[in-house]
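Spelled out, the chains give:
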Amino acid sequence: MNVKLGIIRDLMAECDGSFYLYDESVISRQVSTLKENFPSFEFLYSVKANPFPPVVGYLASQGFGADAASSQEVCISGSAGLTCEKILYSTPGKTRSDIETALDKAVIVADSYNELILINDAARKKGLHVKAGLRINA
């Protein structure tokens, strides 16, 4: 029997059949492929694809930034060691609470004039000067 298949069967028995299995070598190979084929690009990992902290942490260690779709994803990305400048918080319809949570942890991409006002108000209250992005639909 294939050794890997045996290990997977053992894990299935141990976990009662339900678990996620990640192969770091596969992720590493994909990272290498991207870096080799697009050497002048900076990559952002879409955290919503898989917010599992070890996966986010591994990709951060490989130089990837994060595209976060929630304030929780912003926090996961920050816990993975990413700086504010390496995390883009780009989901539409952010609440005041979402913005306050992410304000000093990510570059917030505003989808409306109202979000720019919320970002400005939150920054003023915290005594911060922050960078923000603006998404424009033409």
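Preceding this paragraph is the structure being described.
Residues numbered from 1 in each chain as written. Predicted model: local features only at pLDDT ≥ 70, side-chain atom pairs only at ≥ 80, totals over all residues. Heavy atoms only, no water.

Trainee: What is the right way to look at the environment of E73 in this model?
Mentor: Inspection of the secondary structure assignment puts E73 in helix α4 (residues 71–79). The buried category is assigned to E73, whose relative accessible area is 10%. Linking E73 and I27, residues 46 residues apart in sequence, is a C-alpha distance of 20 Å. For E73, the contacting residues outside a window of four places in its chain are V47, K48, D67 and A68. (Helix = DSSP H or I, 4+ residues; strand = E, 2+ residues; numbered from the N terminus. Buried < 20%, exposed > 50% of the residue type's maximum accessible area, 1.4 Å probe, protein only. Contact = heavy atoms within 4.5 Å.)

Trainee: Any chance you could explain empty space enclosed by the protein here in plain terms?
Mentor: Gaps left between atoms are located by rolling a probe of water-molecule size over the structure's atoms. Inspection of every chain in the model, using the stated rule, returns one cavity of 30 Å³ or more. Its boundaries defined by the atoms lining it, the largest cavity holds a volume of some 30 Å³. Lining the largest cavity, in full, are Y45, V56, L59, A60, F64, G65, A66 and L82. At the level of elements, α3 (53–61) and β2 (65–68) are the ones that each hand at least two residues to the lining of the largest cavity. When grouped by side-chain class, the residues that make up the lining of the largest cavity number seven nonpolar, one polar and no charged. (1 Å grid on protein atoms, 1.4 Å probe; cavity = no way out; pocket = protein on both sides within 12 Å on 5 of 7 lines; lining within 4 Å. Points joined across faces, edges and corners; volume = space filled by probe spheres on them. Nonpolar A, V, L, I, M, F, W, Y, C, P; charged D, E, K, R; others polar.)

Trainee: So what exactly am I meant to see when it comes to the sheet that holds strand β1 (residues 44–46) here?
Mentor: In a beta sheet, neighbouring strands pair by backbone hydrogen bonds and run either parallel or antiparallel. Spatial strand order, β1-β2-β3-β4-β5: five strands in an open sheet with parallel pairing. A strand with exactly one partner marks an edge of an open sheet, and here the two such strands are β1 and β5 (132–134). For this sheet, the mean angle separating the axes of adjacent strands, direction not counted, is 25°. The pairing of β1 with β2 spans three bridges and is parallel. Counted as the bridge partner of Y45 is A66 from β2. On the sheet, helix α6 (residues 113–126) packs against β4 (107–110) and β5 and is oriented at approximately 150° with respect to β4. (Pairing = 2+ DSSP bridges. Axes fitted to C-alpha atoms, helices over the stretch in contact; angles between N-to-C directions.)

Trainee: Sorry if this is basic, but what is going on with the nonpolar core here?
Mentor: Inside soluble globular proteins, nonpolar side chains tend to come together where they are buried. If you look at the biggest cluster of nonpolar residues, it comprises 27 residues, and the most contacted ones within it are Y45, L59, V74, I87, Y89 and I108. Elements represented by at least two residues in this core include exactly α3, β2, α4, β3 (87–89), α5 (96–102), β4 and α6. Tallying contributions element by element places α3 first for this core, with five residues. Among all residues touching V74, those that are not within four sequence positions of it are A68, I87, Y89, A102, K105 and A106. (Core = buried A, V, L, I, M, F, W, Y, C linked by side-chain atoms within 4.5 Å.)

Trainee: Mind showing me how you'd approach the pattern of salt bridges here?
Mentor: For side chains bearing opposite charge, pairing can occur when the charged atoms are close. If you walk through the whole model with that rule in mind, you get six salt bridges. Of the charged contacts, one joins D111 and K94 as a salt bridge, the two residues approaching to 3.5 Å between their closest N and O atoms. Here K94 lies in the loop between β3 and α5 and D111 lies in the loop between β4 and α6, a separation of 17 residues in the sequence. Residue D111 is classed as partly exposed on the basis of its relative accessible area of 23%. (Salt bridge = Lys/Arg side-chain N within 4 Å of Asp/Glu carboxyl O.)

Trainee: Honestly, the side chain of S90 in this entry has me stumped. Any pointers?
Mentor: Relative to the helices and strands, S90 is located in the loop between β3 and α5. Ignoring any residue separated from it by four or fewer positions in sequence, one finds S90 in contact with D67, A68, V109 and R135.

Purely spatial values, then, with no claim about function.
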